[in-house]
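Breakdown of the fold
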Amino acid sequence: MSVRVRIAPSPTGYLHVGNARAALFNWLFARHEGGTFILRIDDTDVARSDPEFERDILDGLRWLGLDWDEGVGVGGPHGSYRQSDRFDRYRQVAEDLVATGRAYLDDRSPEELDELRRRAQKEGKHPGFYIRRPDREATSGVIRFSVPQDAPVTFDDVVRGEMTFSPEVVDDFVILRSDGTPTYHLASTVDDVDYEISHVVRGEDLLSSTPKHILLARAMGAVPATYAHLPLLFGPDGKKLSKRHGDTALRSYREAGYLPEAMFNYLALLGWSLDAETTIFSRQAAVEAFELSSVSKNPAIFDRDKLDWMNGEYIRTRLTTDEFAARARPFLERGLTRGLTADEWARFCEVAALVQERVKVLSEVVDQVRFLFEDEIGYDERSWSKVMKPGAEQVLEEAARRLEAVDPWDSESIEAALRAMLADLEVGARKGLQPIRVAVTGSSVSPPLFESLAALGRDRTLARLQEARRRLASGSDDTLR
Ligand code: GLU
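Residues numbered from 1 in each chain as written. Predicted model: local features only at pLDDT ≥ 70, side-chain atom pairs only at ≥ 80, totals over all residues. Heavy atoms only, no water.

Tallying secondary structure elements over the protein gives 19 helices and 12 strands in all. For 481 residues, the compact-globule estimate of 2.2 N^0.38 gives 23 Å, and the protein exceeds it by more than 25% at 31 Å. For the C-alpha atoms alone, the extent of the protein along its principal axes is close to 100 × 45 × 40 Å. The 481 residues of the protein split such that 50% are buried. Within the protein, residue pairs in contact and separated by at least 24 positions form 76% of the contacts whose partners lie at least 6 positions apart. Carbon and sulfur atoms make up 48% of the accessible area of the protein, which totals about 22400 Å². Counting 64 positive and 80 negative side-chain charges, the protein places the centres of these two groups 3 Å from one another. (Helix = DSSP H or I, 4+ residues; strand = E, 2+ residues; numbered from the N terminus. Rg over C-alpha atoms; globule rule 2.2 N^0.38 Å. Buried < 20%, exposed > 50% of the residue type's maximum accessible area, 1.4 Å probe, protein only. Contact = heavy atoms within 4.5 Å. Areas by Shrake-Rupley, 256 points an atom, 1.4 Å probe, with all protein chains shown as cover. Lys, Arg positive; Asp, Glu negative; His and termini not counted. Charge placed at Lys NZ, Arg CZ, Asp CG, Glu CD.)

All right, on to helix α19 (residues 458-474) then. Look at α19: 25 Å from first C-alpha to last across 17 residues, which is about the 24 Å you get at 1.5 Å a residue. The complete set of buried residues in α19 reads Thr 461, Leu 462, Arg 464, Leu 465, Ala 468 and Arg 471. Its buried side turned inward, α19 meets α14 (381-387), α15 (392-405), α17 (429-441) and α18 (449-456). Remark: Gly 475 follows α19 within two positions and exhibits a positive phi of approximately 60 degrees. (Expected span 1.5 Å × (residues − 1).)

This part covers the sheet that holds strand β8 (residues 174-176). The strand order across the open sheet formed by 3 strands is β4-β5-β8, and the pairing between neighbours is antiparallel. The open sheet has two edge strands, β4 (103-106) and β8, and neither has a second partner. Ignoring which end each strand starts from, the neighbouring axes of this sheet average 45 degrees apart. Two elements, strand β5 (residues 142-145) and β8, share 2 bridges in a ladder whose sense is antiparallel. Bridge pairing links Arg 144 to Val 174 in β8. (Pairing = 2+ DSSP bridges. Axes fitted to C-alpha atoms, helices over the stretch in contact; angles between N-to-C directions.)

Arg 6, Ala 8, Pro 9, Ser 10, Asp 42, Tyr 184, Ser 188, Arg 202 and Leu 206 make up every residue found near the ligand. Interatomic distance of 2.7 Å between a side-chain N/O atom of Arg 6 and an oxygen atom of the ligand. When the residues that make up the shell around the ligand are grouped by side-chain class, the tally is 4 nonpolar, 2 polar and 3 charged. (Near = heavy atom within 4 Å. Polar contact = N/O pair within 3.5 Å; in protein donor to acceptor, adjacent residues only side chain to side chain. Nonpolar A, V, L, I, M, F, W, Y, C, P; charged D, E, K, R; others polar.)

Its location among the elements puts Asp 150 in the loop between β5 and β6 (153-157). Overall, the relative accessible area of 70% leaves Asp 150 in the exposed class. For the pair Asp 150 and Arg 464, spaced 314 residues apart in sequence, the C-alpha separation works out to 85 Å.

Attention now moves to the pairing of strand β1 (residues 4-7). When a strand is regular, its side chains alternate between the sheet's two faces. Residues Arg 4 and Arg 6 point to one face of β1 and Val 5 and Ile 7 to the other, with burial holding for every one of them. Handedness of the β-α-β unit built from β1, helix α1 (residues 17-33) and strand β2 (residues 36-39) comes out right-handed. (Right-handed = clockwise from strand over helix to strand, strands pointing away.)

This brings us to the pattern of salt bridges. One pass over the structure, following the stated rule, counts 40 salt bridges. As a salt-bridge pair, Arg 136 and Glu 112 come within 3.3 Å of each other at their nearest N and O atoms. Here Arg 136 is found in the loop between α4 (110-122) and β5, whereas its partner Glu 112 is found in helix α4, with 24 residues between them in sequence. The class of Arg 136 is partly exposed, set by a relative accessible area of 42%. Judged by relative accessible area, Glu 112 falls into the partly exposed class, the value being 33%. Beyond isolated ion pairs, a larger network of salt bridges with shared partners links Arg 6, Arg 40, Asp 42, Arg 86, Arg 89, Asp 191, Asp 192 and Asp 194. (Salt bridge = Lys/Arg side-chain N within 4 Å of Asp/Glu carboxyl O.)

A separate point is the side chain of Arg 437. Relative to the helices and strands, Arg 437 resides in helix α17. Notably, Arg 437 is buried but unbridged: the nearest opposite-charge side chain belongs to Glu 451, and the N-O separation is 8.2 Å. Look past the residues within four positions of Arg 437 in its chain and what remains in contact with it is Gly 442, Ser 443, Ser 444, Val 445, Ser 446, Pro 447, Pro 448 and Leu 449.

Attention now moves to the nonpolar core. Grouped together as the largest cluster of nonpolar side chains are 142 residues, with contacts concentrated most on Met 263, Phe 324, Phe 348 and Ile 436. No other element matches the 10 residues that α1 contributes to this core. When neighbours within four sequence positions are excluded, Ile 436 is seen to be in contact with Val 395, Leu 396, Ala 399, Leu 418, Met 421, Leu 449, Leu 453 and Leu 465. (Core = buried A, V, L, I, M, F, W, Y, C linked by side-chain atoms within 4.5 Å.)

What follows is the structure in structure tokens.
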């Protein structure tokens, strides 16, 4: 049997990292098995579905490199892969199930159902036990699936092993609302059957829905899919991953300048591992090694610090300097809120290798090199007060004098001139160079000094030394940021 898997996001919000992880595991499994990866859009909730969210989902999957073989955006042999196009089909299945006695119309009021639940609670029973086919026949209302009472639902979850649900804990669930729209259970199962899905690989939060889907598939005369429930994502504090832990939308990682290959690698580790020791691996290595049965059932921890570390590793070790500069450019331009001229681009390329060593995400680049592109720099207040101590004025004056004479203007000559200055003034690098760094870049954190001055150019360097001296002399703090 060929492997056919799907992901079925609802376009009611931005693509969540948990769904991205589920998509990635489905994709890895499909690619490893030479199977088919399908994208279905679960937009039965027409009011809450939004084309912007759908676009975000497609963009996010493409960004991670999770190409799909059938589905929304690419089509396929099964017609539409969008649930809102298939309401007639779901209604037909629901009506067929009523005709064969596997489902029934139910017009009980919410109060009547509440009363049943209350009674179950009082007797210490599962509420589902009481929501069963009533004696009276209805001609309108919702359609409920009639859960067979003769045997438990048992299935072999690829990740969690054998699972058994007694019929007492499965209520007669609604499959079609009274307005004729399908519930998630119906639409999802009909699609999984119609699209011949072989494996349903999804988050453990849906585990309690699975017996319902298995019963429905059987009632449709189909062999249910094989199920694999992925462990949920938790924050480092052991609580379920939520906004409290930071961003949960994949797009915010993309916007912050995480590399898609690093994100791919990191998500792959949320519940799976290549082997006992390898943390950084290529997509190809993951495809070759991936086994659904080696997914762990333990909660997976989404740890931003580890992701940052990994992204920094990718930036430093997996990109050439040219690639780094090209990928950093849009982030830099966004941070500066303008495009770079050819001259400025050349200036950035001069220091790119040094910046590459120092950032964890691409959006950090702009703060490292802002001084290269802005005429008026603001001084970082803490840096300024830390280094502009007595003696700083003399250093700045002396540095300006010597830098004026440096020839050629390159990092070696600049370094030689400033080191000679340190020796002559008998000051150490910290006392002698930090004031220059703050004067010229505005901050005590920047790429290495000599290269920074070389990229900035002589005129700008001298002008900034001058400006810092003016400021020191007037004791003003008007330009602090
Ligand atoms: N639309 C459902 C969700 O986003 C699909 C779940 C499933 O994979 O069945 O949670």
